[in-house]
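A closer look at the structure
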Amino acid sequence: MTSGRRRTVALVVCGLGWLAATGTASAHGGSLAGGGRESLTIPTWLFLSTGGAAVGASFLLASFVTDRTFVERIHNWGRPLSGGFEGILRLAGQLVGLGGLAAVFVVGFFGPTNARTNLAILLVWVGWWAGLAMTTYLVGNSWATLNPFKTLAKLLPSLNRSYPARVGSWPAVGGLLVLVWVEVVSPLADQPRLLASVVAGYTVLTIAGALVFGPDDWFAHADPVERVFRYYGRFAPIGRDEDGLRLRLPGMDLSTPRLVDGPDEVAFVVALLWVTTYDGLVTTPAWRDLTTPTVDAGVPPHLLYPVALGLGFAGFLGVYRLAVRLSRDMSDTYLAPAVLAQRFAPPLVAIAVGYHFAHYLGYFLVLAPSLAVALTSPFADPAVVPTIDLPAWFGAVALASVIVGHLVAIWVAHAAAYDLFPARLQAIRSQYPFIAVMVFYTMTSLWVVSQPEVALPHL
């Protein structure tokens, strides 16, 4: 066995061993703002078998799915969808987006102060970041039309300064990390006035950037929210090509060449995967136990959270870059590492989708009745708000979604390998490091999803 293959196998074994050390797992259906959650106990052997099944499936795909014609037929399958009402739907979507932004401002500043009844809080976190984001990868990217910031920017004149090519999408990478850090450390989910103020600040910054560089360049490169929904939308069964809307198999559009173009876009995909993991990680008992001695030693908690966010992102990105180098060595290819990094980054979006669904499905289902009541009476402040109690078995849905995302990622990565490499064994060998990395990412997500949620410690 070559040294590169030994290192890959060692990484997989370490991931499985770490998972085994967790013992029994208490699965949950998502993070509940101000609410409890139902739990179910999953035996260690079952938890391990799910990870082992994902690893085994990856090798089976690498070994048996070698018919390039079949792979191309799966990825190219699609049906055109009628676009006769596209103009009307686009206008309606833009009006809905502007109405939603106006509601966040009006109800956020002047509505009830109770977070569980305030429409601004529920609309942003339950309706938008949970519900709309899930529809983006389950159905299609409607945010491209709903985005009120883009609608406003296109109504205003622009200086149309040239966007600096050397900057690329790095502002979107930094913006995504900053937005998640602000979400975690600040009481945005509890204080409607603060949330409305932050949204107002984001609106000013976004409109200013679009006015300087033009809305097309700004939203294509610098805006982190637009990019998140764009990548999520590439997983969806409904997408757009040069002929209009098209129905396709979920996740297959992630194999499109040049979907990720440059180290900045690779970093954004890894950041998208990491921030969703980080959002759940900081509410686990393990994070609380790990950081308590550090805080007791005098390290400010508000410093601890951004440092952990940055170090975790650097770790995720470093592991991916290591896999790229190992893949190049094992496949014995003339292709530059940058080419491999860009080509194999899109499959990670499928893992991010699986974890987002695992993290937010329960959250959305529990609080959707509260959102419905707030939509009908935005300025009411009822003493009792309706919620849904999830059954005890619901936590298994979260675990299953992480595994499904992982399997889709493996399929897309193999399709990319067959597209890049002419030889069958060369394509298979190139995937060993990436499979190990996907297992590492996925088992990290599985472990986070399996942990009981605790209040954010030290803040």
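Fair warning: this is a prediction, and the values are worked out from it, not measured in the lab.

Scanning the chain from N- to C-terminus turns up 18 helices and five strands. Per-residue burial for the chain yields a buried fraction of 51% across its 459 residues. A separation threshold of at least 6 residues defines the contact pool for the chain, and within that pool the share at least 24 residues apart is 81%. Carbon together with sulfur atoms contributes 67% to the accessible area of the chain, which is approximately 19800 Å² in total.

Glancing now at the packing of helix 15 (residues 337–344) against helix 17 (residues 395–420). Packing of helix 15 against helix 17 leaves a shortest axis separation of 10 Å and a crossing angle of 140°. With respect to helix 17, the axis of helix 15 lies oblique. On helix 17, the residues touching Leu 340, Arg 343 and Phe 344 of helix 15 are Ala 413, Ala 416, Ala 417, Asp 419 and Leu 420. Classifying every residue of the contact of helix 15 with helix 17 gives six nonpolar, no polar and two charged.

Pairing is antiparallel across the open sheet formed by three strands, whose spatial order is 3-5-4. Edge positions in the sheet fall to strand 3 (79–80) and strand 4 (238–241), since each of these pairs with one other strand and no more. Of the strand pairs in this sheet, strand 3 and strand 5 (residues 244–247) are connected by two bridges, and their pairing is antiparallel. Bridging from a neighbouring strand, Arg 79 pairs with Leu 247 of strand 5.

Structurally, Thr 136 can be placed in helix 5 (residues 119–138). Between the C-alpha atom of Thr 136 and that of Arg 230, which follows or precedes it by 94 residues, the distance is 8.5 Å. Not counting the four nearest positions on each side in its chain, Thr 136 is found in contact with Asn 141, Phe 229, Tyr 232, Gly 233 and Ala 236. A polar atom in the side chain of Thr 136 sits 2.8 Å from the backbone oxygen of Leu 132.

Time to look at the nonpolar core. Counting 124 residues, the largest nonpolar core has Trp 274, Tyr 278, Phe 313, Tyr 320 and Phe 344 as the members making the most contacts within it. Tallying contributions element by element places helix 16 (residues 347–376) first for this core, with 15 residues.

Once that is clear, we can look at the side chain of Thr 284. Inspection of the secondary structure assignment puts Thr 284 in the loop between helix 12 (263–281) and helix 13 (285–296). With a relative accessible area of 1%, Thr 284 lands in the buried category. A distance of 2.7 Å separates a polar atom in the side chain of Thr 284 from the backbone oxygen of Leu 281. For Thr 284, the residues in contact, after removing those within four places along its chain, are Trp 447, Val 448, Gln 451, Pro 452 and Val 454.

A separate point is the pattern of salt bridges. Once their charged atoms are close, side chains differing in charge can pair, the charge on each being opposite to the other. Within the structure shown, the criterion is met by six salt bridges. In this structure, Asp 261 and Arg 258 form a salt bridge, with 2.7 Å as the shortest nitrogen-oxygen distance. When its relative accessible area of 33% is taken as the criterion, Asp 261 is described as partly exposed. A salt bridge links Arg 288 to Asp 289, with the nearest nitrogen and oxygen atoms 3.5 Å apart. Given the relative accessible area of 33%, Arg 288 is considered partly exposed. Each of Arg 234, Arg 248 and Asp 253 takes part in one network of salt bridges that share partners.

Per the counting criterion, the structure on display carries 18 aromatic pairs. With 6.4 Å between their ring centres and 70° between their planes, Trp 129 and Phe 229 make a pair best called edge-to-face. One end of the pair, Trp 129, is in helix 5; the other, Phe 229, is in helix 11 (residues 224–233), with 100 residues separating them in the sequence. Here Trp 129 and Phe 229 have matching classes, each one buried. Through a chain of ring-to-ring contacts, three or more aromatic side chains come together here, namely Trp 128, Trp 129, Trp 143 and Phe 229.

This part covers the packing of helix 13 against helix 14 (residues 301–331). Where helix 13 meets helix 14, the axes come as close as 11 Å, and the angle between the chain directions of the two elements is 130°. The angle between the axes of helix 13 and helix 14 places the two elements in the oblique class. Judged by the sense of rotation from one axis to the other, the crossing of helix 13 with helix 14 is right-handed. Seen from helix 13, the contacting residues are Trp 287, Thr 291, Thr 294 and Val 295; seen from helix 14, they are Pro 301, Leu 304, Tyr 305 and Ala 308.

So, how was this worked out
Residues numbered from 1 in each chain as written. Predicted model: local features only at pLDDT ≥ 70, side-chain atom pairs only at ≥ 80, totals over all residues. Heavy atoms only, no water. Helix = DSSP H or I, 4+ residues; strand = E, 2+ residues; numbered from the N terminus. Buried < 20%, exposed > 50% of the residue type's maximum accessible area, 1.4 Å probe, protein only. Contact = heavy atoms within 4.5 Å. Areas by Shrake-Rupley, 256 points an atom, 1.4 Å probe, with all protein chains shown as cover. Axes fitted to C-alpha atoms, helices over the stretch in contact; angles between N-to-C directions. Parallel < 35°, antiparallel > 145°, perpendicular 65-115°, else oblique. Nonpolar A, V, L, I, M, F, W, Y, C, P; charged D, E, K, R; others polar. Pairing = 2+ DSSP bridges. Polar contact = N/O pair within 3.5 Å; in protein donor to acceptor, adjacent residues only side chain to side chain. Core = buried A, V, L, I, M, F, W, Y, C linked by side-chain atoms within 4.5 Å. Salt bridge = Lys/Arg side-chain N within 4 Å of Asp/Glu carboxyl O. Phe/Tyr/Trp six-rings, centres within 6.5 Å; stacked < 30°, edge-to-face > 60°. Left-handed = near helix turned anticlockwise from the far one by under 90°.

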